[in-house]
4 protein chains.
Amino acid sequence: MSEDFLKSVEADRRIFYADILVDKAHVVMLAEQHIIEGHVAGAILSALGDLERRGEEFLDNVLPLYEDVHTAIEATLIKELGEDIGGRMHTARSRNDEVATCIRIVLREDILKLGSALNSLRRVLLSRASEETETIMPGYTHLQHAQPTTLSHHLIAHFDAFSRDFERLEDAFKRTNRSPLGAAALAGTGFDVNRERTAELLGFYDIVENTMDSVSARDFIIEAIACCSNIMVNLSRLAEELILWSTSEFSFADIMATGSSIMPQKRNPDYAELVRAKACTVFGCMTAVLSMLKALPLSYNRDMQEATPHLFNAFRATLSSVEVMRDMIAGAHFNRERMREEAEKGEMFATELADMLVRNHGFAFRKAHRIVSSTIAEICASAPDTLQARRDALKNRLKSKLSGIGLSDDEIDEAMDIRANIKRRKTAGGPANVEQAIEKRWEILKKDETLISHKEEKLRESLENLERETEKWIRKL
Amino acid sequence: MSEDFLKSVEADRRIFYADILVDKAHVVMLAEQHIIEGHVAGAILSALGDLERRGEEFLDNVLPLYEDVHTAIEATLIKELGEDIGGRMHTARSRNDEVATCIRIVLREDILKLGSALNSLRRVLLSRASEETETIMPGYTHLQHAQPTTLSHHLIAHFDAFSRDFERLEDAFKRTNRSPLGAAALAGTGFDVNRERTAELLGFYDIVENTMDSVSARDFIIEAIACCSNIMVNLSRLAEELILWSTSEFSFADIMATGSSIMPQKRNPDYAELVRAKACTVFGCMTAVLSMLKALPLSYNRDMQEATPHLFNAFRATLSSVEVMRDMIAGAHFNRERMREEAEKGEMFATELADMLVRNHGFAFRKAHRIVSSTIAEICASAPDTLQARRDALKNRLKSKLSGIGLSDDEIDEAMDIRANIKRRKTAGGPANVEQAIEKRWEILKKDETLISHKEEKLRESLENLERETEKWIRKL
Amino acid sequence: MSEDFLKSVEADRRIFYADILVDKAHVVMLAEQHIIEGHVAGAILSALGDLERRGEEFLDNVLPLYEDVHTAIEATLIKELGEDIGGRMHTARSRNDEVATCIRIVLREDILKLGSALNSLRRVLLSRASEETETIMPGYTHLQHAQPTTLSHHLIAHFDAFSRDFERLEDAFKRTNRSPLGAAALAGTGFDVNRERTAELLGFYDIVENTMDSVSARDFIIEAIACCSNIMVNLSRLAEELILWSTSEFSFADIMATGSSIMPQKRNPDYAELVRAKACTVFGCMTAVLSMLKALPLSYNRDMQEATPHLFNAFRATLSSVEVMRDMIAGAHFNRERMREEAEKGEMFATELADMLVRNHGFAFRKAHRIVSSTIAEICASAPDTLQARRDALKNRLKSKLSGIGLSDDEIDEAMDIRANIKRRKTAGGPANVEQAIEKRWEILKKDETLISHKEEKLRESLENLERETEKWIRKL
Amino acid sequence: MSEDFLKSVEADRRIFYADILVDKAHVVMLAEQHIIEGHVAGAILSALGDLERRGEEFLDNVLPLYEDVHTAIEATLIKELGEDIGGRMHTARSRNDEVATCIRIVLREDILKLGSALNSLRRVLLSRASEETETIMPGYTHLQHAQPTTLSHHLIAHFDAFSRDFERLEDAFKRTNRSPLGAAALAGTGFDVNRERTAELLGFYDIVENTMDSVSARDFIIEAIACCSNIMVNLSRLAEELILWSTSEFSFADIMATGSSIMPQKRNPDYAELVRAKACTVFGCMTAVLSMLKALPLSYNRDMQEATPHLFNAFRATLSSVEVMRDMIAGAHFNRERMREEAEKGEMFATELADMLVRNHGFAFRKAHRIVSSTIAEICASAPDTLQARRDALKNRLKSKLSGIGLSDDEIDEAMDIRANIKRRKTAGGPANVEQAIEKRWEILKKDETLISHKEEKLRESLENLERETEKWIRKL
């Protein structure tokens, strides 16, 4: 039992692939620096290649026998090559710099995957937004009908939130993609290692310079989970809307749903609910990691091992949620009639009515607001049955109240017209110019997609180069 | 009681100054766009100036009578200028875009203040680091003696962590300094407002374009508190070290302390303890804001009001902690003798001993590690009394164990020499080259200080320009 | 600045009243144990009485001059009585046991206040439940119409959740109401103090025995905030429902609302939104305190000072939220027609239809479920316009599908009848027997109200007795 | 991918055993109430028994094919028995009440296991405390030497903290062990089910009455995780001490440790570090669940599924940490000499010196404190080399300062004697009477151990009875 307590098998499985890369780069550098001999390097690199090819089988059968993946790999090499060869891989290195490097390698890929998924969600949002430019719906504040807008305008708001999430991931990437390798336990090493070289071989932008900092720093984990938290907040808001829109009362949308074990008529928005819930799982990772790193003296402490699974969990929850949301939005059926019907309710033209009095008749805004507000209240109190009756009553009451100013029926009708209302709101970023907004965002999105693919390509090139360097030493055997 | 429930007086006090700026920029723009007449603008701007000058007195006496600061200001203007003048300020605007703009104005200043404080902490750390390049101390992992290093090397590790915190603040600034103004309630307005103009007058880089996003987005709050959380984690780690170093057992440092009400001999590291504790207060703000924003449908919801105080509290706690830490480090007395004394303990030369066997005698690292490890264990079991006796025993045992390889006394002595040990660790970022590290960091710090002062200057210029534009309309009266 | 960093003025204001009580009990005990002379006790107690009467004035003018309230009180006594008298109050005591005792005194009152407020919310819920026993509404799962129920049944569900919250407060009270006083700094004292006596004078159930534990333990704070968190979760769920029910789309309820600065027609459910948000503020307190207390070595550390304001904030937020919720529920107008209208929608009779096939015709549940489910799906696909048309179509389809079993129109009609549906659900705790449920809960509530008033009375008696003992020594002067 | 998103395989594996129990009790009750026929019940119960025996094999091979464990079991039964038999198990039930019942069954066992582990940790603490009654050590506040105490006294403080944790688990148990079964989807059922009977068969104390509350309530999860959080806070404090005590600087203890991959001399307190870290994982579960349940409208929502794994994770982390801590304490070697040596340092007799002036010479406490304090400060400033020299200097300085009062050498010596110091602190719960304290706690512990075994026995009896009832129906086949 107490041995298991020390293990972190799940996280180690994820790290395995990165650890092999780190081992390779380290061994290539050791050979280049003449810290180990070429044939030793060749033998180790060849054995590492075998191990890599074993993959899952190694993880299932060998990893559980050891405390962690680093030990499992080294012990296997020693078993296969003998201590005199295999026992040289860990020269000028410690698990402290090794594991920090592995986590950064896994994380930078997770960031790219998540960035890519975000882009594909944004693509879907933009595509749906371009279909719904004429779909009138209530704009809400406090979940109350506030002012009319379009579904397109609404979807763009979500697009923009995810755009900032994308930016933050980019910023996190630049701080993540730096190499702690060569810091050894905490104070570097007496061997003449070349940290820049291993950083280059592994596709890092640079090294994390100070060696104590290299093995102590986990701020990149906090930053990454904070990015995920922000994404999940934004997803949960959209998920909440989808859940509301799927209710009988709203009936604005049909989304991915499941059935019930007891109620045959139901279509439950489980996907959206789970996205909403998984947000909280990510918040939990945030709390866990913050309190875990709090007050840890330098440099490495074992507490840090417990932080890694939270990082991986946060990314898994976030990535799967982004993907599910993309599918939900792509497949959503929006009920334009219901949206329009609700948009007509609730006197959402009130602001415009007051604004019209200001624009056309010189009223002070506050006064216009007061008049419209009280008139609506009077009408509501007398509670006419139909929407039309209410509007007629309102029109008449307003005209009689403001008889002196020459208020025309046309003026009032236009102010009360929901569509006209929307078209008049030409404010930058407003509902009247979503077409330009959409066009502009296609450009932004293309740029962001290129950012990701460019990074992916550079990593691929680095790792291909590492493979070539590895092969060189193996061939020399 | 229930009215108080709606209020956020403390946050509103902080926002007051920003709100006056927002009012001014909005009114100037309204006049420029001919949405209100010049003389109306002049009168309102003049009254706003008066209000600004009342400052604290207004906050103490008038604010408490109203639901929030926006209402208090408008109501005061209407009282003073009449509804026909004062009632025009809120034309083409809503409290939703107004408050979002105010929070961003306050936050961008908080970010600059915090960035500046961080720089001044970094300056102190670097300055102390340059004094302690020869101060040998134990380097710890798991709070166990691991390998010798210098206090300078250790302080630079902290410097570097705070440098990344500084970078993150910079990144947050660029997303914060954008203007939601003109989004009105959520859907823009039918008036021909110029959002870019108010953004420019208020020193924003750009507008937050989509109007629903403008009033709904609070991700910048999450990002800012995440920055604070990371800073506090880093501060708490340093604080923990100071607390440990102040114990009788460590006796590595004397820091800012207080007395006891009952134990006359005590010197309690209260400042460091409170820094450590305030980290958690900031984590609490993180949890609060994340769960608060979770699942809020667009656009504005009153829940958001409750988020703002957490933002301000997080910055207050972080700023004061950074400042206290700066003072603590500046005033700390480090006990170099005790650090050195401990550095001699605990066989911290063991890694070097093993490395020497690798370098000089061709041992495989794992084998050398195993031999040194077991030999130390044997010596410790026989428990010689003094440090010197233990070293002698170790040397003899090693020599007899490895008699075949011609191990010399000098080799072993050198490996066991702590200072030589440090000097040999020439790895990039290691303890043997802190001088270059310090020099490089003075450059980085200067650049970062310039970044802040440049931003401060640009904001100052913008606001001076706003003042000039304001004056123009007042003079036209 | 650095002095302010150490202060906790807000928390100290709340503690003042408790601190005077602790001072009195301690001085009475010191005199009884002959540790100080009677006339000294009399003089101190008399001065403490004066100080207590100064109240707010002392807090405004004197407290800010000192580090904390304990010091402020002692220093004032020394100033007034001279060190030879006033300097004896702190004999055999430390701020460590003193402050722990004060926090417990404040907390036990907060618990009683909150328990009392919860009871008054439960009273309102039960009262509304007894009015709405015939109000049919949709019962939701996944916010989808699931099965019909009554508003009464729904409100009782909330009542029961708050009943468990009440129980938890009771449990927390018994662990809170114990006295750390006499533990001194951490190791008791060489004076012959009587800890049981001060505990009795202060109305505590018992002492916190081990003296290190007395000053180190803050688990009662965690437990209390956990109670608040659970209450706030339950409140937030009810608040969410009120917000949904207030939407145009649901239109199930009118609740306490506010107007808009720009949209004259709006009624925003700000109170409910703020209750929902304040839940998260309390969660933040939980995170803060947990991470703050984590890994603190025994005994007292200054970090603990930072925990107290989170305790007080959590209770303030929770208490005010409970009170606001009580007012909201008491004043809510429920729209029975809309609830009924929605209850007719969505084939909520489906479960009953399947159950009827099981009961009357021996179908296996899963088969009946499958048949009803597919039949409804077919009908929905053909999309008849009206509710009635849909039901007729469903009836016919079912009858033709199951022609062999002799399904009667009456059977189907009854199964489809919402009211009959509800009446048939006689399961314990189900919607068909809310009357008995309500009656039973009035009994539970009365018992719980008595629990609180009994505790309040006992505390009052203890403090009156303390006052009498105090007077005794003053009279002896 | 999107199907996996809905699954909760890990949690479902844990629930499997409970689900079989729930199925059995439900089917027995259905037969007793004549809702299904006896032979149907017999067949289903027999098949459930087979399934139970398949255990792991079923979980590995069948569970992954279905959405959840409930569906997997029912589908398997239908496959084996045909729909006309197997399809009757889910009569009068829903997954909503089913899963809530399963979670409570698993949780109540987890609570008992954790309570039992806590008791065994307390047993070890008490046993070590009884060995260390004469082990003098520094008592700390602010991690500074404050007053001398014994290791026994210190360990009892931890014992008492865990005793309250035990109490809280007991309180949580009584709210957990209640049955939601029979609530069906949310509104009970039209079948004549007997909820009290299934509750009895499953060993529940009572039913969760209101049927909406039954399926909506997850407050018991919050309460349970809050209990775990408090336990983990207490464990983390002890773990922190063990980590400190294991440092070279303290050298107070040797505890369970591991080696280093690079530094052969190291013994790292990984176990204690991981206990400290796992505390934060539990805090993360708290944050996750609180924010997840926030604002969920009644009744069941899929979000709740995501809460269950956090409950199970919290208990796994807590249980393993308690067990590891028990082993660490049991195996710890305490270095009594070092503790004693440190206890002599730092003028920890200062309080007693001041107290002696109060007791023997009538000084006011504050004055005595001031004199001792300033005298010590003077001595420290002149910095005599050895402990003895410092004490002599202090004695002389005091005597000359207070020459008028006839201060004797003996008085001062006795006050300065650490052991005498401890013996004099006869305060209830103080270090002078740990023997009685230990005796009293053995009694408490025995009572608590009985509480657990009594509960375990009653559950065992209930489940044996359920097995008998099950057999009855199978035999009737």
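Chains are numbered independently. Their residues run from 1 in the order of the written sequence. Each chain gets a letter, beginning with A, and each ligand a number, beginning with 1, in the order they are written. Only residues with pLDDT of at least 70 are given local features in this predicted model, and only at 80 or more are side-chain atom pairs given and counted; all residues enter the totals for whole chains, interfaces and linings. Only hydrogens and water are removed before side-chain values are computed, so all heavy atoms of the structure are retained for them.

It is worth spelling out the overall build of chain A at this point. The secondary structure content of chain A amounts to 20 helices and six strands. Note that the radius of gyration is over C-alpha atoms, with the globule rule given as 2.2 Å times the number of residues to the power 0.38. A compact globule built from 477 residues should have a C-alpha radius of gyration of about 23 Å, whereas chain A, at 30 Å, is more than 25% larger. Counting only C-alpha atoms and orienting by the principal axes, one finds that chain A spans roughly 100 × 50 × 40 Å. We call two residues in contact when some of their heavy atoms are within 4.5 Å. Of the contacts formed within chain A by residues at least 6 apart in sequence, a portion of 78% connects residues at least 24 apart. Shrake-Rupley sampling with a 1.4 Å probe provides the accessible areas, and residues are treated as covered by the protein chains on show and by no other component. Total accessible area computed for chain A in this model is approximately 14,400 Å², and 49% of it derives from carbon and sulfur atoms. Here chain A carries 63 positive and 77 negative side-chain charges, and the mean point of each set is 5 Å from the other. Runs of E in the DSSP output that reach at least two residues are strands. Runs of H or I that reach at least four are helices, and both are numbered from the N terminus. Positive charges come from Lys and Arg, negative ones from Asp and Glu, while His and the chain ends are left out of the count. By convention, charge coordinates are those of NZ in Lys, CZ in Arg, CG in Asp, or CD in Glu.

The copies were overlaid with a least-squares fit restricted to C-alpha atoms from residues scoring a pLDDT of at least 70 in each copy. Placing chain B over chain A gives an RMSD of 0.1 Å and needs a rotation angle of 180°, together with 0.0 Å of translation along the axis. Given the turn and translation reported, the copies of this chain are related as if by a two-fold rotation axis. Closest approach to the rotation axis within chain B is made by the C-alpha atom of B:Ala226, at a distance of 3.1 Å. Most of the interface of chain B is mirrored in chain A, where 100% of its interface residues are also at the interface.

We now examine the pattern of salt bridges. Salt bridges are counted wherever a side-chain nitrogen of Lys or Arg sits within 4 Å of a carboxyl oxygen of Asp or Glu. In total, this model carries 244 salt bridges over all chains according to the counting rule given. Close ionic contact of A:Arg197 with A:Glu469 constitutes a salt bridge, the shortest N to O distance being 3.5 Å. Separated by 272 residues along the polypeptide, A:Arg197 in helix α9 (residues 195-201) and A:Glu469 in helix α20 (residues 434-475) bring together distant segments of the chain. The pair A:Arg197 / A:Glu469 is uniform in exposure class, with both members buried. Between D:Lys423 and D:Glu134 there is a salt bridge, with its nearest N and O atoms 3.8 Å apart. Note that D:Lys423 is positioned in helix α19 (residues 418-424) and D:Glu134 in the loop between α7 (95-131) and β1 (136-141), a separation of 289 residues in sequence. Relative accessibility under 20% of the residue-type maximum defines a buried residue, over 50% an exposed one, and the middle range a partly exposed one, all with a 1.4 Å probe and only protein chains included.

A word on the pairing of strand β1 (residues 136-141) of chain B. All names here are of chain B. Counted residue by residue, β1 has six buried out of six residues, so it is predominantly covered. Pairing between two strands is assigned when DSSP locates at least 2 bridges connecting them. Inspection of the sheet shows β1 paired to strand β2 (residues 144-150) by six bridges, in the antiparallel sense. By the bridge assignment, Gly139 is partnered in β2 with Gln147. Joining the antiparallel neighbours β1 and β2 is a turn of two residues, in which His142 adopts a positive phi near 55°.

This brings us to the side chain of A:Asn119. All names here are of chain A. Looking at the secondary structure, you find Asn119 in helix α7 (residues 95-131). On the accessibility criterion, Asn119 (2% relative accessible area) is buried. Engagement of the side chain of Asn119 in a polar contact is seen with the side chain of Arg122, the distance being 2.7 Å. Residues contacting Asn119, with those up to four places away along its chain left out, are Phe166, Leu445, Asp448, Glu449 and Ile452. Pairing of N or O atoms within 3.5 Å defines a polar contact, subject to two protein rules: one partner must be a possible hydrogen donor and the other a possible acceptor, and residues neighboring in sequence count only if both atoms are side-chain atoms.

Interface size is commonly expressed as the accessible area that is lost once the parts come together. The interface of chain B with chain A comprises 102 residues on the first partner and 103 residues on the second. Joining two parts hides part of their accessible area as seen by a 1.4 Å probe, and the buried area is that hidden amount summed over both. Carbon and sulfur atoms make up 54% of the surface buried where chain B meets chain A, a total of about 8,500 Å² over both sides. Joining chain B to chain A, the criterion identifies 22 salt bridges. Taking the shortest distance from any N to any O, the salt bridge between A:Arg164 and B:Asp213 comes out at 2.8 Å. Linking chain B to chain A there are 57 residue pairs in polar contact (both at pLDDT 80 or more). Broken down by element, the residue count for the side of chain B that touches chain A peaks at 13 residues, all from helix α8 (residues 151-176) of chain B. We call Asp, Glu, Lys and Arg charged. Ala, Val, Leu, Ile, Met, Phe, Trp, Tyr, Cys and Pro are nonpolar, and the rest, Gly among them, are polar. Class assignment for the residues of the side of chain B that touches chain A results in 39 nonpolar, 30 polar and 33 charged.

Let us now look at the interface of chain B and chain C. Between chain B and chain C, the contact holds 45 residues from the first and 45 residues from the second. Carbon and sulfur atoms supply 64% of the area that chain B and chain C bury against each other, a total of about 3,800 Å² over both sides. Between the two partners, chain B and chain C, sit six salt bridges. We note a salt bridge from C:Lys278 to B:Glu306, for which the minimum N-O separation is 3.2 Å. Linking chain B to chain C there are 13 residue pairs in polar contact (both at pLDDT 80 or more). Elements with a contribution of two residues or more to the side of chain B that touches chain C: α1 (2-6), α12 (270-293) and α13 (303-331) of chain B. Among the elements that make up the side of chain B that touches chain C, the one with the highest residue count is α12(B) (16 residues).

What follows covers the relation of the copies chain B and chain C. For the match of chain B to chain C, the screw axis carries a shift of 0.0 Å, the RMSD comes to 0.0 Å, and the turn is 180°. Looking at chain B, 100% of its interface residues are interface residues in chain C too, so the copies touch through the same face.

What follows is about the state of the cysteines. Only a pair of cysteine sulfur atoms within 2.5 Å counts as a disulfide in this structure description. Scanning the entire structure with this criterion turns up zero disulfides over all chains. Here B:Cys102 stays unpaired: no disulfide links it, and the sulfur of B:Cys228, its closest cysteine neighbor, is 20 Å away. Left unpaired, C:Cys227 is separated from the closest cysteine sulfur, that of C:Cys228, by 6.9 Å.

Let us now look at the environment of A:Lys113. All names here are of chain A. As for its position among the elements, Lys113 is in helix α7. The class for Lys113 is partly exposed, based on a relative accessible area of 43%. Taking the C-alpha atoms as reference, Lys113 lies 37 Å from Ile36; in sequence the two are 77 residues apart. Not counting residues within four places of it along the chain, the set of residues in contact with Lys113 comprises Arg14 and Leu319.

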